[in-house]
Amino acid sequence: MIAQGPQVQQINPRDWSWPFWPAVPLYPYGKRRTVCTEVVKDTIWTFDQLHGILYTIVPIRMTAIALEAGGLLVYAPVAPTPECIRLLNELVAKHGDVKYIVLPTSSGLEHKVFVGPFARRFPKAQVFVAPHQWSFPVNLPLSWLGFPQKRTQEIPEDKSQVPFGDEFDYAVLDINLGRGSFAEVAVFHKRSRTLLLTDTILSVPEDPPAIAQIDPYPLLFHARENGSEVIEDNPANRRKGWQRICLFAIYFRPSALEVAGLKQILGDILKAPDRSKKAYFGLYPFKWQENWQQSFANLRGDGRPFVAPILQTLILPQAPKQVLDWADKVANWDFQQIISCHFDSLIKTNPHQFRQAFAFLEKNAFVSQPLPEEDVRFIKELEAGLLKRGIATPPKEKV
């Protein structure tokens, strides 16, 4: 059974199989473990898996909520591996079948890719999706992407039109980006005072989550100072590797990171104790400055909720008033914790702290613990390049 706290069972590796990984080829590819955690007793459970590039792995999270009338609502499905479905079926046996599946994003391919296969495992569930779904390079109908045509509908603005409206509030953020849209469906579970979000709010934990510690190799890979260093497994190295991964994943090129010169890279490859495929043949081009831990401390901000810099820079400034109106609506709900689809969960917070995270969109507003300019410089350079090529549009004026 699923107990309080994370639970992982030793099972046949075939139970981790995800055969459709080539659709979105992210690590760990065709073998995905699942950790189920009960976060609100007999009411809410999270299902964590991993995804990433070059061992820069972060959690991707599904949330299941027991409904008062029986059955489950699932927010942001993850890969329906045999292990994941077995863990979820333990809840089904106690609380009833999956009744509703919510895809809360239109642009998050790493979430969208799982919905069709997941829905097929629960053929009675209704599927509700964020508005203006799109695909690239060709914009295909959802049924062509594996969504069950007769059971899938766009989530309406009016919650009275959904069968779970008595237990939940929700607010849809839908930004037209020209070539597609960015959508986020915030869902508030009233009884537990829990807010579900996809990508807009993050909080970074100091220690690696349980899902990342099942196979700690990616953590240990990034804990090294150079490619000739032997990988050593201990709690300090797991923590160091996780914190560096967070800097990579959120900033792409944090200020505390340098790329080693070609001479050093080649020298380290020749001296590497492991030149296997798993170790990328000895390649390790990263060199961290001594102040990297301060960069992580600034990012973490004692666990405060914040908006990822890629959204702060490239996405949300495209519609500042629309975003702030949405944030104001969400902040009117009386929640005390947030479950996000990535990084930390639960995030103990309140509506004021949530709303404060969007102050960067307001003129002359006080921004508490802003992200350091030197760390977001690469993302701003990326924005400038996209603007120059006409791929992105200039941000709108702050409100």
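What counts as what
- Residues numbered from 1 in each chain as written.
- Predicted model: local features only at pLDDT ≥ 70, side-chain atom pairs only at ≥ 80, totals over all residues.
- Heavy atoms only, no water.
- Helix = DSSP H or I, 4+ residues; strand = E, 2+ residues; numbered from the N terminus.
- Core = buried A, V, L, I, M, F, W, Y, C linked by side-chain atoms within 4.5 Å.
- Buried < 20%, exposed > 50% of the residue type's maximum accessible area, 1.4 Å probe, protein only.
- Contact = heavy atoms within 4.5 Å.
- 1 Å grid on protein atoms, 1.4 Å probe; cavity = no way out; pocket = protein on both sides within 12 Å on 5 of 7 lines; lining within 4 Å.
- Points joined across faces, edges and corners; volume = space filled by probe spheres on them.
- Nonpolar A, V, L, I, M, F, W, Y, C, P; charged D, E, K, R; others polar.
- Salt bridge = Lys/Arg side-chain N within 4 Å of Asp/Glu carboxyl O.
- Expected span 1.5 Å × (residues − 1).
- Arc of directions from axis to C-beta.
- Polar contact = N/O pair within 3.5 Å; in protein donor to acceptor, adjacent residues only side chain to side chain.
- Pairing = 2+ DSSP bridges.
- Axes fitted to C-alpha atoms, helices over the stretch in contact; angles between N-to-C directions.
- Phe/Tyr/Trp six-rings, centres within 6.5 Å; stacked < 30°, edge-to-face > 60°.

Draft legend 1. View of unusual backbone geometry. Put simply, Tyr27 and Pro28 share a cis peptide bond, and its omega is 10 degrees. Despite not being glycine, Leu54 has its phi angle at roughly 55 degrees, a positive value. Tracing the backbone shows Leu54 in the loop between strand E3 (44-53) and strand E4 (56-66). We note that Tyr55 has phi near 65 degrees; this positive angle belongs to a residue other than glycine. Along the polypeptide, Tyr55 turns up in the loop between E3 and E4.

Draft legend 2. Up close: the nonpolar core. Formed by 34 residues in total, the largest nonpolar core has its most connected members in Val204, Ile250, Trp288, Leu299 and Phe343. Of all elements in the fold, only E4, helix H3 (210-213), helix H4 (217-222), helix H5 (235-251), strand E13 (286-288) and helix H7 (292-300) reach the threshold of two or more residues within this core. Take this core: its biggest share by element is seven residues, from H5. With residues near it in sequence (within four places) discarded, Leu299 still touches Val204, Cys246, Leu247, Ile250, Tyr251, Arg304, Phe306 and Leu371. Membership of the second largest hydrophobic core comes to 33 residues, among which are Cys36, Phe47, Leu91 and Phe118.

Draft legend 3. Summary view of the layout of surface pockets. Estimates place the volume of the largest pocket at around 1,600 Å³. If you go around the largest pocket, you meet 42 residues; those closest to its centre are Glu110, Phe252, Ile310, Leu311 and Ile315. Of all the elements in the fold, those that place two or more residues in the lining of the largest pocket are E3, E4, helix H2 (109-121), strand E10 (181-189), H5, helix H8 (309-315) and helix H11 (373-388). Among the elements that make up the lining of the largest pocket, the one with the highest residue count is H8 (four residues). Here the residues of the lining of the largest pocket are counted per class, giving 26 nonpolar, 13 polar and three charged. Put simply, the second largest pocket is a space of about 750 Å³. What lines the second largest pocket is a set of 31 residues, and nearest its centre among them are Gln312, Phe360, Val367, Pro370 and Leu371. At the level of elements, H8, helix H10 (351-356) and H11 are the ones that each hand at least two residues to the lining of the second largest pocket. Tallying contributions element by element places H11 first for the lining of the second largest pocket, with four residues. Looking at the lining of the second largest pocket residue by residue, the classes come out as 16 nonpolar, seven polar and eight charged.

Draft legend 4. Structural context of the pattern of salt bridges. Tallying each qualifying case throughout the model produces 17 salt bridges. Here Asp328 makes a salt bridge to Arg355, at a shortest N to O gap of 2.5 Å. Of this pair, Asp328 sits in helix H9 (residues 320-331) while Arg355 sits in helix H10, and the two are 27 residues apart along the sequence. You can call Asp328 partly exposed: its relative accessible area is 34%. A salt bridge links Glu373 to Lys380; the shortest N-O distance between them is 3.2 Å. On the basis of relative accessibility, which here comes to 36%, the residue Lys380 falls in the partly exposed class.

Draft legend 5. Structural view of H9. Here H9 contains twelve residues, and its C-alpha end-to-end distance of 16 Å stays within 8% of the 16 Å for a straight helix at 1.5 Å per residue. Within the span of H9, buried status applies to Pro320, Val323, Leu324, Trp326, Ala327 and Val330. The buried side chains of H9 occupy one side of the element, clustering within an arc of 160 degrees when seen end-on. Packing partners of the buried residues in H9 comprise strand E9 (168-176), E10, strand E11 (194-196) and H10.

Draft legend 6. Structural context of the side chain of Ser192. In this fold, Ser192 is placed in the loop between E10 and E11. Taking relative accessible area as the criterion, Ser192 reaches 10% and is therefore assigned buried. A distance of 2.7 Å separates polar atoms of two side chains, one belonging to Ser192 and the other to His189. Each residue touching Ser192, except ones within four places of it in the same chain, is listed here: Val40, Ile44, Gln336 and Gln337.

Draft legend 7. Highlighting the sheet that holds strand E15 (residues 347-348). Here we have five strands laid out as an open sheet, ordered E9-E10-E11-E14-E15, and mixed in their pairing. A single partner strand is all that each edge strand has here, and the edge strands are E9 and E15. Bridge analysis of strand E14 (residues 337-339) against E15 gives two bridges, and the strand direction is antiparallel. From the neighbouring strand, Gln337 faces E15, where its bridge partner is Lys348. On top of the sheet, H9 reaches E9, E10 and E11; it is set at about 175 degrees to E9, its chief contact.

Draft legend 8. Up close: H5. The terminal C-alpha atoms of H5, which comprises 17 residues, lie 24 Å apart, in line with the 24 Å expected from a rise of 1.5 Å per residue. Buried residues of H5: Asn237, Arg238, Gly241, Trp242, Gln243, Arg244, Ile245, Cys246, Leu247, Phe248, Ile250 and Tyr251, and no others. Between the side-chain oxygen at the start of H5 and the backbone nitrogen of Ala236 there is a gap of 3.2 Å, and the oxygen is on Asn234. Downstream of H5 by a residue or two, Phe252 has a phi angle that is positive, lying close to 70 degrees.

Draft legend 9. View of the packing of aromatic side chains. Per the counting criterion, the structure on display carries 27 aromatic pairs. Judged by centre distance (5.4 Å) and plane angle (80 degrees), the ring pair of Trp18 and Phe20 falls under edge-to-face. In this structure Trp18 comes out as buried when scored by relative accessible area, which is 5%. Ring plane angle 75 degrees and centroid distance 5.5 Å describe the contact between Phe221 and Tyr284, whose orientation is recorded as edge-to-face. Taken as a pair, Phe221 in helix H4 and Tyr284 in the loop between helix H6 (262-271) and E13 lie far apart in primary sequence, 63 residues in all.

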